[in-house]
Amino acid sequence: MRRIAPGRARGAPIMGAAARAAAARVVRAVIDRGRSLEAALTPELGAIAAEDAPLCRELSFGTLRFEPRLAWLAERLLRQPLPASARDVHALLLVGLYQLDQLGTPPHVAVSTTVEACRHLRQNWACALVNGTLRNFERYQPSLRAEAEASPVARFAHPPWMIQAARRDYPHEWQALLEANNARAPMTLRVNLRATSRELYLRRLAAAGISAAATVHSRCGVTLAAPLAVSILPGFDDGQVSVQDEAAQLAAPLLAPLPGQRVLDACAAPGGKAAHLLEASPQVGELLAVDADDRRLERLRSTLARLSLNARVQTGSALQPQSWWDGRSFERILLDAPCSATGVIRRHPDIKALRRPSDIQALASMQGRMLGALWPLLARGGKLLYSTCSVFPEENHLTVQEFLAATPDATEAGFTAAWGRASPVGRQILPGEGNMDGFFYALLVKH
Ligand SMILES: C[S@@+](CC[C@H](N)C(=O)[O-])C[C@H]1O[C@@H](n2cnc3c(N)ncnc32)[C@H](O)[C@@H]1O
């Protein structure tokens, strides 16, 4: 017989069950099929009722953020492991545990709606199992939480290899780094100083009832007290502001192209740094924005159009400039290299599930080859800014050191900064420092 939640008319749908089922499908697509969170979430949001979408998004992001801990809890609570054919149920259990362990959802709501979600997933057989497991979490919560404190995977909610790497690379900061990855990222804006001043824009936000504060290290940044849809932001459609983390806003002032100089942005899409470069240095001779991904370049084009900025846009590989370069050198090159994105886990919690330890060396090798392929395009006396949103030395100072050792006409151009920490080459910002994303910057000059 179908069980009815208290107070619910017989046959009426339980509110929120569809959102929970959709979140379970999203979580499963990421952890089992290696899909990105955004790619998995978009079709699910399109298929459920609009009022369920915010909850589905919250449960998908939150469950993936804490997935290593939730899987650890599920393993302890289940009498025997679930069969391989029950991966939807496994994912739903994680969604249920997230609500109880992290989100503070009232237990009766979390349990009844998550049990009901079994039916949405056509896994009616699992209702009793999900019900019993979630109720057992409630019952044994104090001892489970205490036990979790002693397990690094459960306590820090990261895969073991990431915890080991963080401990090795940041012996003093690794705990703060991992905890910052589990926090929600702020929404930070870049004010277009060609269109308005930061002070005026802050006043405009205040007049609209939106509380915000100026960033410390970027002179055009504004951090909102709470995230909101860009459609609500004053002046967004007219190009007065863009969404960009403060750490990413440090690239343009470091590269600082002079009037008339030719600039190459070799991995440019979706265009945040290219747009900032053009806003900050409107007199550049030309900016060539290259990226290997056509679809991401579409986003760059629409960003440039919204901001009324001009760049030459080219699909191509930074590894093979001979297929798109016209032979005229650039005085400034930005190589914002594809990377593990381990500095932006708080924005993309699926990185925890998607990255493998072997990815890091493969990425480092590609990043080194990109540096080597782009260096001949740089004019003598010109500067190349290398950046990643990774926290791993292999992708950052070690890649740059290896490149410098093999390239006699390349040296590091030192810069002073009040942010991050000095690396043997370049500077590293760890996630959460100054409420910024994790980023690495190294500035090189050609002799
Ligand atoms: C970190 S993102 C760049 C972000 C961009 N600079 C911004 O600020 O918006 C890295 C980019 O490298 C691109 N990419 C990956 N492999 C590439 C290659 N071989 N050549 C050029 N771009 C590549 C990806 O498509 C991605 O857009």
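Definitions and cut-offs
- Residues numbered from 1 in each chain as written.
- Predicted model: local features only at pLDDT ≥ 70, side-chain atom pairs only at ≥ 80, totals over all residues.
- Heavy atoms only, no water.
- Pairing = 2+ DSSP bridges.
- Helix = DSSP H or I, 4+ residues; strand = E, 2+ residues; numbered from the N terminus.
- Axes fitted to C-alpha atoms, helices over the stretch in contact; angles between N-to-C directions.
- Contact = heavy atoms within 4.5 Å.
- Near = heavy atom within 4 Å.
- Polar contact = N/O pair within 3.5 Å; in protein donor to acceptor, adjacent residues only side chain to side chain.
- Areas by Shrake-Rupley, 256 points an atom, 1.4 Å probe, with all protein chains shown as cover.
- Nonpolar A, V, L, I, M, F, W, Y, C, P; charged D, E, K, R; others polar.
- Parallel < 35°, antiparallel > 145°, perpendicular 65-115°, else oblique.
- Left-handed = near helix turned anticlockwise from the far one by under 90°.

Undergrad: Where do I start with the sheet that holds strand β3 (residues 221–224) in this structure?
TA: The pairing of strands in a sheet happens through backbone hydrogen bonds and is either parallel or antiparallel. Across the sheet, which stays open at both edges, the 4 strands sit in the order β2-β3-β1-β4 with antiparallel pairing between neighbours. Strands at the two margins of the open sheet, each flanked by one partner only, are β2 (212–214) and β4 (241–243). Across the sheet, the mean angle from the axis of one strand to that of its neighbour is 30 degrees, orientation sign disregarded. Where strand β1 (residues 188–191) and β3 come together, 3 bridges link them in antiparallel fashion. Opposite T188, over in β3, you have T223 as the bridge partner. Across the sheet, helix α13 (residues 272–280) touches β1 and β4, and the angle it forms with β1 is around 30 degrees.

Undergrad: Is there a simple way to think about the site of the ligand in this case?
TA: In the vicinity of the ligand there are 19 residues, among which G272, D291, R296, A318 and D336 approach most closely. The contact in question runs from an oxygen atom of the ligand to an N or O atom on the backbone of G271, over 3.0 Å. Measuring from an oxygen atom of the ligand, one finds a backbone N or O atom of K273 at 3.1 Å. Within the complex, 84% of the 600 Å² of free accessible area of the ligand lies under protein. Partitioned by chemical class, the residues of the shell around the ligand number 10 nonpolar, 4 polar and 5 charged.

Undergrad: When you look at the packing of helix α1 (residues 17–33) against helix α2 (residues 37–47) in this model, what are you seeing that I'm missing?
TA: Between two packed helices, the angle of one axis relative to the other and the distance separating the axes together describe the packing. The interhelical angle for the contact between α1 and α2, taken along N-to-C directions, is 150 degrees, at an axis separation of 9 Å. Between α1 and α2, the interaxial angle falls into the category roughly antiparallel. α2 is crossed by α1, and the crossing has right-handed handedness. Taking contact as the criterion, the partners of A22, R25, V26, A29 and V30 in α1 are, on α2, L37, A40, L41 and E44. Broken down by class, the residue content of the contact of α1 with α2 amounts to 7 nonpolar, no polar and 2 charged.

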